[in-house]
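So you can see what is in the structure, the chains are spelled out below.
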Amino acid sequence: MACCGNCFCCQCCCREGETRTPEELTILGEIRDEEDEILPRKDYESLDYDCCISEPYVEILEGMDNRKAKKYEAMRWMMMFAIGVTVGLVGLFVDFFVRLLSKIKFTLVGDSIEKCSDKGCLPLSLLELLAFNMTFVFIASVLVLIEPVAAGSGIPEIKSYLNGVKIPRIVRLRTFLCKAAGVLFSVAGGLFVGKEGPMIHSGAIVGAGLPQFQSITFKRIKFDFPYFRSDRDKRDFVSAGAAAGVAAAFGAPIGGILFSLEEGSSFWNQALTWKVLFCSMSATFTLNFFRSGINFNKWGSFQLPGLLNFGEFKCSDGDKNCHLWTAVDLAFFVLMGMVGGLLGALFNYMNKSLAKYRIRHIHPKAKFIRVLESLLLAMVTTVVIFAASILLGECCDLSSPTTHNTTLSGSEDINSTIRQFFCTNKTYNDMATLFFNPQEAAIHQLFHQDGTFSPVTLSVFFLLYFLLACWTYGVSVPSGLFVPSLLCGAAFGRLVANILKVKLGMDIYSGTFALIGAAAFLGGVVRMTISLTVILIESTNEITYGLPIMITLMVAKWTGDFFNKGIYDIHIQLRGVPLLEWETEVEMDKLTASDIMEPNLTYVYPHTRVQSLVSILRTTVYHAFPVVTENRQNERDFMKGNILVSNNIRFKKSSVVSRAGEQRRRCQSMKSYPSSELRNVCDEQNAVVEPAEEGEDLLQQMLERRHAPYPNLYPDQSPSEEWTMEERFRPLTFHGLILRSQLVNLLIRGVCYAENQSDVTPYMNPCPYTVSPNTHISQVFNLFRTMGLRHLPVVNAVGEIVGIITRHNLTHEFLVAKLRQHCITI
């Protein structure tokens, strides 16, 4: 296709050698043999954050006095507290059983290795470790087969949900059970996964389900509690549940709020902030209370705020020359942030390639293939861990053990987690200490162990962990990415510290560099900024680390964004979820609402026959329908200005064929409907005149004859095949929107069964947000995004609906394609 010659659009026209996106190729009618990207799917349904001000809703408001309003608000606070406490208990359950299973495994296998190192039966120890890991991973993978959306961390799905996209089964009770149980076995099975991401997903499910007092999984369990069941309330509680999950995972209630805010909530207010903070605090203190009492037998001591706690960073007592970090160290932190961004971009690229391979070659096959991949990964990981610990580990001196910060997440101290495989009593195996421990204990070793980890060990550990963690994320098991990224980055930071301290003789605090390395790599992978900064500060309980962590995360994000997106955004894109960013690009304002709207509408009248309603539901996949009437009063006003006619003529052209085709589809659906009452409606109808070739001439005739009176249309009549072309294509006055779910409920409950009384007007939304056809895209996008809309009707100056804008019409891919098409047209 030739490039544009007009200098006005030279920036957005095609250039030599420039490739087009699949969305552009679709719109421009071109074909590509192999799609590089996955387009946003149109079958994802949006959530409606805006309230539907229908007549039943107004009646509820009229019956609401101040006393009832205060009672309703008190119930919301009680639900927030209940969600926080429940999420804290879920975290306690997950942590207890993960620690139990891991302790059993490492104790038995460790004793076997100690015995077999002298007897020469190490293959038997390897078989024992394989038996434990593969059994646990098999159970986790089978649970994912029961509920496939329980795979992964769940953060991409929750981020999409908070953005306003309804992901099927993502907040179901069965998903919660499979997620909470599956993560126990995937972590205990030795895979390089964390339980923090699944905790966020589990918290969101608790937030979505607990205030409902009902479950689709257990349909027989019902309570008379008709509150908090709108999309608006549900999304607010999901935000609170996700924040409580972060608070329980990291002991970071403020970080939990910022996570929900930063990672997708399209609408936020001050009242919601206070409620979510209360929910997060409830989760943190519930988990802290029980874990401290169980591990230390000191109930009420509150010593263990989260599942992952980095411990206290401080210098040894009496060492006056020690410092956590200095201004000189900031230069190294910036460089580490750049390297972390590069490594994160590489990690995301490799993981995206693996995910696309799974989508194309593994997921279409039988489900047991996914189980086999999980078992293969467990076997490879186990062999690598065992072989690296036995063959590549170095014996490091323990003559100067750590004298500070000895407490881990349980009652054991940091020196109790060292592994002395094949080393003398005064030395320890540095590789085995990192591999043959829970990941949290390995992070503590890198942050606080005074003993030296050799550069070779740290390099090999980082490389192996990087590759296996990249393979693991996306396998059909519940898996988080926070802890593996932190551990991998901590090894990188400790390696930098060893080079600076041992090789160059610099006086630095190794734990600080390990923390900065963890932040750099994690930031390069997930690309989170504000929330991740606060989470890391709250986890370290050291405010002086705020500035270096913030600088490192910003540099890592900027470096990584130069190459690709964050890992969660990549997986959202691979699923085809139409996620909306915070704002559009400046050049998108060359487009208007008329350029991106969907002009082919399926509409209903205030008084529509039951047969027509059934036909509409059977022949369309739309989730909302405009409620319209014939526009006769405004005809002369409409014709007074030629500008109005010229601005609307293309909308009429696009609707001439579609409206006649809609009548034909309805008629065909009625004929196939089993009910004789519906089948007989179209038996005697004549064939529809095909207007495809005459569309433009018919349009001109309609505009010229607009002053002629139309045939009468009584309120109880619906569109008929007997209508003339003039009747079919006259303008439609917009009165409101009604959802598919509302129509289905009306039919199921028999509200519309009596034709002489059927009326959808009381149940529609009579005052939705609307825009004019000439509204710029930035205005359309901001209105749709900030108000959490589901549909945005486009209405012209005389009240006629000419199109509808949905989430799919505002995705980046769609806007880029429309912009290119717009420039080519110019």
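This one's a predicted model, so the numbers in the text were calculated from it and none came from an experiment. Per chain, residue numbering runs from 1 following the sequence as it is written. Thresholds applied to this predicted model are a pLDDT of at least 70 for local features of residues and 80 or more for the giving and counting of side-chain atom pairs; totals over whole chains, interfaces and linings are not thresholded and use all residues. Excluding hydrogens and water, the side-chain figures rest on all heavy atoms present in the structure.

**Focus: the overall build of the protein chain**
Then comes step 1: For helices the rule is a DSSP run of H or I covering at least 4 residues; for strands it is a run of E covering at least 2, with both sets numbered from the N terminus onward. The helix and strand inventory of the protein chain stands at 30 helices and eight strands.
Then comes step 2: Per-residue burial over the protein chain gives 55% buried out of 826 residues.
Then comes step 3: Accessible areas in this description were obtained via Shrake-Rupley with a 1.4 Å probe; residue shielding takes into account the shown protein chains only. Accessible surface computed for the protein chain: about 35,900 Å², of which carbon and sulfur atoms make up 59%. To sort residues, take the accessible area from a 1.4 Å probe on protein chains only and compare it with the maximum for the residue type: under 20% means buried, over 50% means exposed, and anything in between is partly exposed.

**Comments concerning the nonpolar core**
Then comes step 1: Formed by 147 residues in total, the largest nonpolar core has its most connected members in Phe310, Phe435, Phe436, Phe447 and Phe482.
Then comes step 2: At 14 residues, the largest contribution of residues to this core is made by helix H3 (residues 66–119).
Then comes step 3: Not counting residues within four places of it along the chain, the set of residues in contact with Phe447 comprises Phe310, Phe313, Ala490, Arg494, Gly511, Ala514, Leu515 and Ala518.
Then comes step 4: In this structure, Ile596, Met597, Ile777 and Leu819 belong to the second largest nonpolar core, which totals 21 residues. Take the buried Ala, Val, Leu, Ile, Met, Phe, Trp, Tyr and Cys residues and link them wherever side-chain atoms come within 4.5 Å; each set so joined is a nonpolar core. Contacts are residue-level and defined by heavy atoms, with any inter-residue pair within 4.5 Å sufficient.

**Notes on the confidence of the model for the protein chain**
When pLDDT drops low, the exact placement of atoms in the prediction is not to be read closely.
Then comes step 1: Here the protein chain shows a mean pLDDT of 77. Residues at 70 or above account for 77%.
Then comes step 2: What pLDDT conveys is the predictor's confidence in a given residue, as a value from 0 to 100. Per-element confidence in the protein chain ranges from a low mean pLDDT of 35 for helix H25 (residues 676–679) to a high of 93 for helix H19 (residues 546–561).
Then comes step 3: Across residues 400–406, confidence stays below pLDDT 50; counting only partners more than four residues off in sequence or on other chains, it has 20 contacts.
Then comes step 4: Taken together, the stretch residues 666–721 has pLDDT below 50 and engages in 94 contacts with residues farther than four places along the chain or on a different chain.

**Digging into the packing of helix H5 (residues 155–163) against helix H20 (residues 567–574)**
Then comes step 1: Two elements in contact, H5 and H20, have axes separated by 9 Å at closest approach and are oriented at 75°. Overall, the two elements H5 and H20 adopt an arrangement that is roughly perpendicular. Mapping the contact onto sequence places Ile155, Pro156, Lys159 and Ser160 in H5 and Tyr568, Asp569, His571 and Ile572 in H20.
Then comes step 2: Residue polarity follows a fixed list, in which Ala, Val, Leu, Ile, Met, Phe, Trp, Tyr, Cys and Pro are nonpolar, Asp, Glu, Lys and Arg are charged, and the others, Gly among them, are polar. In the contact of H5 with H20, the residues fall into four nonpolar, two polar and two charged. Only the stretch in contact is used when a helix axis is fitted, and all axes are lines through C-alpha atoms; the angle between N-to-C directions ranges over 0 to 180 degrees. For this classification, under 35 degrees means roughly parallel, over 145 means roughly antiparallel, 65 to 115 means roughly perpendicular, and everything else is oblique.

**Re the side chain of Ser202**
Then comes step 1: With respect to the helices, strands and loops of the structure, Ser202 is situated in helix H7 (residues 196–209).
Then comes step 2: Beyond its immediate sequence surroundings of up to four residues, Ser202 is in contact with Val90, Phe176 and Lys179.

**Comments concerning the pattern of salt bridges**
Then comes step 1: By convention in these notes, a salt bridge is any Lys or Arg side-chain nitrogen within 4 Å of a carboxyl oxygen on Asp or Glu. Counted under the stated rule, the structure contains 13 salt bridges.
Then comes step 2: Taking the shortest distance from any N to any O, the salt bridge between Arg76 and Asp233 comes out at 2.7 Å. Here Arg76, found in helix H3, pairs with Asp233, found in helix H8 (residues 231–250); they are 157 residues apart in sequence, far enough to count as distant.
Then comes step 3: By relative accessible area, which is 8% here, Arg76 ends up buried.
Then comes step 4: Asp561 serves as the salt-bridge partner of Arg527, at 3.1 Å between the closest nitrogen and oxygen. Taken together, the positions of Arg527 in the loop between helix H17 (510–526) and helix H18 (530–540) and Asp561 in helix H19 put the pair 34 residues apart, joining distant regions of the chain.
Then comes step 5: For Asp561, a relative accessible area of 37% translates into the label partly exposed.
Then comes step 6: The structure contains a network of salt bridges with shared partners spanning Arg76, Asp233 and Asp236.

**A word on helix H29 (residues 777–786)**
Then comes step 1: All of the buried residues along H29 are Ile777, Val780, Phe781, Phe784 and Arg785. Axial view of H29: buried residues confined to an arc of 115°, hence all on one face.
Then comes step 2: Looking one or two places after H29, you find Gly788, whose phi comes out positive at around 65°. The reported arc concerns the directions from the helix axis to the C-beta atoms and nothing else.

**Description of unusual backbone geometry**
Of all residues except glycine, most have a negative phi; of all peptide bonds, most are trans.
Then comes step 1: We note that Arg527 has phi near 60°; this positive angle belongs to a residue other than glycine.
Then comes step 2: Residue class for Arg527 comes out buried when judged on its relative accessible area of 6%.
Then comes step 3: Positive phi is not limited to glycine here, since Asn541 has a value of about 60°.
Then comes step 4: Its location among the elements puts Asn541 in the loop between H18 and H19.
Then comes step 5: On the accessibility criterion, Asn541 (69% relative accessible area) is exposed.

**Things to note about the packing of helix H9 (residues 253–262) against H18**
Then comes step 1: H18 packs onto H9 with a crossing angle of 165° between their chain directions and a minimal axis gap of 8 Å. Classified by the interaxial angle, the pair formed by H9 and H18 is roughly antiparallel. The two elements H9 and H18 cross, and the hand of that crossing is left-handed. Counting all contacts with H9, which are made through Pro253, Ile254, Gly255, Leu258, Phe259 and Glu262, the residues of H18 involved are Ile530, Ser531, Val534, Ile535 and Glu538.
Then comes step 2: When the residues that make up the contact of H9 with H18 are grouped by side-chain class, the tally is seven nonpolar, two polar and two charged. By definition, any crossing whose near helix is turned counterclockwise from its far helix by less than a right angle is left-handed, and any crossing with a clockwise turn is right-handed.

**Re the packing of aromatic side chains**
Then comes step 1: Pairing of aromatic side chains here covers Phe, Tyr and the six-membered ring of Trp, requires ring centres within 6.5 Å, and sorts the geometry by plane angle: under 30 degrees stacked, over 60 edge-to-face, intermediate tilted. Summed over all chains, the structure comprises 26 aromatic pairs.
Then comes step 2: Both rings, one in Phe132 and one in Phe136, keep their centres 6.2 Å apart while their planes meet at 50°; by these two values the pair is tilted. Of this pair, Phe132 and Phe136 both sit in helix H4 (residues 122–146), four residues apart, which is roughly one turn of the helix.
Then comes step 3: On the basis of relative accessible area, Phe132 is assigned to the partly exposed category, the value being 22%.
Then comes step 4: Note on Phe136: relative accessible area 11%, which makes it buried.
Then comes step 5: With a centroid separation of 6.0 Å and an interplanar angle of 85°, the aromatic rings of Phe347 and Phe521 are classed as edge-to-face.

**Considerations on the environment of Met78**
Then comes step 1: Inspection of the secondary structure puts Met78 in helix H3.
Then comes step 2: The exposure class assigned to Met78 is exposed, which follows from its relative accessible area of 53%.
Then comes step 3: Along the chain, Met78 and Pro211 lie 133 residues apart, while their C-alpha atoms are 9.5 Å from each other.

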